[in-house]
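# Overview (structure and organization)
Here is how the chains run, residue by residue.
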Amino acid sequence: MNKRLKSPAVWMPLAIAVALVGGMWIGKSFFSNGVSWNSRTKLDSMLNLIEHNYVDDIDTDSLLEQSFSDILSGLDPHSVYIPSSDLRSVNEELEGSFSGIGISFNMLGDTINVLEVISGGPSEKVGLLPGDRIISINDTVVAGKKWSNSKVMSTLRGPKDTTVRLGIKRPTAKGLLPFDVTRGDIPVTSVDASYMITDSVGYLKINKFGSQTYSEFLNSMMELGAEGAGKFIIDLRGNGGGFMEPAVLMANEFLPANLPIVSMKGAHYPEKDPLGSDGSGSFKNAELVVLLDEVSASASEIFAGAIQDNDRGLIIGRRSFGKGLVQNQLELPDSSALRLTVARYYTPSGRCIQKTYAPGTDYDRDLLTRYEHGEFYNADSIKFDKNLEFNTLHGRTVYGGGGIMPDIFVPNDTIGMTSYYLNVVNGGLIQKYTFDYTDRNRERLSKSADAGEMLSLLPDDDILLQDFVTYAAKAGVAPRWYYINLSRDLLVSSLKAMIARNIHGVRGYYEVYNDSDPTVTSAIEALSTGKAAFPLTK
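Looking at the chain as a whole, its pLDDT mean stands at 89, while 92% of the residues score no less than 70. Every residue in residues 1-6 scores below 50 in pLDDT, and together they form 5 contacts with partners more than four places removed in sequence or on other chains. The low-confidence segment residues 13-35 (pLDDT under 50) makes 8 contacts with residues lying over four places distant or belonging to another chain.

Turning next to the pattern of salt bridges. Going through the model one piece at a time under the given rule, you end up with 24 salt bridges. Among the ionic pairs, Arg396 bridges to Asp311, the shortest N-O distance being 2.7 Å. Of this pair, Arg396 sits in the loop between strand S19 (389-391) and strand S20 (397-399) while Asp311 is found in the loop between helix H10 (299-309) and strand S16 (314-317), placing the two residues 85 residues apart along the sequence. When sorted by exposure, Arg396 lands in the same class as Asp311, which is buried. Among the ionic pairs, Asp439 bridges to Arg442, the shortest N-O distance being 3.6 Å. Of this pair, Asp439 and Arg442 both sit in helix H13 (residues 429-445), separated by 3 residues, roughly a single helical turn.

Our focus in this paragraph is the environment of Val342. Of note, Val342 is situated in strand S18 (residues 337-346). A C-alpha to C-alpha distance of 8.4 Å links Val342 and Lys265, two positions 77 residues apart in sequence. Ignoring sequence-local partners within four residues, the contact set of Val342 consists of Gly266, Tyr269, Val326 and Asn328.

On to unusual backbone geometry, then. A cis amide bond links Phe534 to the next residue, Pro535, at an omega of -5°. Of note, Pro535 is situated in the segment after helix H18 (518-528). For Asp161, which is not glycine, the phi dihedral falls at a positive 75°. Looking at the element boundaries, Asp161 is found in the loop between helix H7 (149-156) and strand S7 (163-169). If you check the backbone angles, Asp311 has positive phi at about 55° while not being a glycine.

What follows concerns the environment of Ala193. With respect to the secondary-structure elements, Ala193 resides in strand S10 (residues 191-196). Taking the C-alpha atoms as reference, Ala193 lies 15 Å from Ser119; in sequence the two are 74 residues apart.

Conventions we followed
- Residues numbered from 1 in each chain as written.
- Predicted model: local features only at pLDDT ≥ 70, side-chain atom pairs only at ≥ 80, totals over all residues.
- Heavy atoms only, no water.
- pLDDT = per-residue confidence, 0-100.
- Contact = heavy atoms within 4.5 Å.
- Salt bridge = Lys/Arg side-chain N within 4 Å of Asp/Glu carboxyl O.
- Helix = DSSP H or I, 4+ residues; strand = E, 2+ residues; numbered from the N terminus.
- Buried < 20%, exposed > 50% of the residue type's maximum accessible area, 1.4 Å probe, protein only.

And the structure:
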């Protein structure tokens, strides 16, 4: 043999070239051997090649599982893949109940603090109390471990009739108190608060649209009506939506007969007549205000859109999120699911309020963009597409293409937002102080019948504020009285509202906080002057 051909520098490149050509020929033969070439066979072929040729052993099922979310992300922002491991917890949030121990909690100082013990629930039955600290779960110390809220919830929740052992630290006891709690069905409530905010106005705070929302709403409305409410504030701020049906049923309660509520259209969704009111509602003559903000979305916007477009009541607050897409949840054989967008919904005036999600737009950054443009503080910063102009039942102008613009705009409240206030908030000091204060005074404060009576048991505002400032100073936030005085009203109202929550639950918080909320104040003013009387006109 020629010595030159024996040299690796000569034959190695030749061997590689032959191998590449051979590989391409084999691949071409494989793909052209009677296979009809399309994207699905391409995917199967790719997975087959990976499985039989990749350098390491690989689970192609796991590889596919990772790709499902990416595939759906090419459709729209709200079509999502739900792995089987997450499906149960996702469904529990809307279906009305889950199996757990029946508490609400927060994390302060790396410790699980019990805020509320649900009446009649498993924890109340064994004697857990608001203010308890959970130090251990099933004999494993959890205090100081920096667990996330989701990890705490997944640990405390579990199959019905199973038992979880808790080690509880209580201010009135020297050592850990052991509690064996048998998990049971815990209702997921939608109505956070329902109370008479004035002698004639009932207030409802609704946090989601789940399977039980309509019945909770109706029961609360009936109770408020029995207490003398003839006017109502429905607070949907922060409500990201949920099921469509309860929003439609709620709107029906306020509308006279034969008015449209919502319609839907999609490429594979059979077009039907709009869902409309049947005239059976119990509050057709009640004055109504609906509160929205930039997080109010989906079913919240369906309800608000039906009220606004039919000139049935006033919308007050800030422009809503802008989600006008309808999803169906389709379960797969392995108990995973697709939450797939199947239609767009349209308000009674014919507008779709879905904001843009076309290529080139940063959908997830939209709220931050609104903030940067000053929209949270100035209505003039909001620009509307004149091509998406619609008219309400009585001729008022509304716009599609990006949420629901309120009839009365209330800017985000920044009064009192000083650097001192932000420092104590960012340090979690308001929550920590109010929890400690409640612990020291729980026996006395718990004798109050409601949040209003509890406020009378608190010290003078100046004394409460001074006590907090001293506490914050010990935690490292130096007192700066110029800024403290600027933030005085905000600090005092926040302290009182959090103490009320610790004693009287979420309802107690809103009863106190709403007294100084400018959006609620605007709603009360509108109702007291007849601005929300039906029908609204130009």
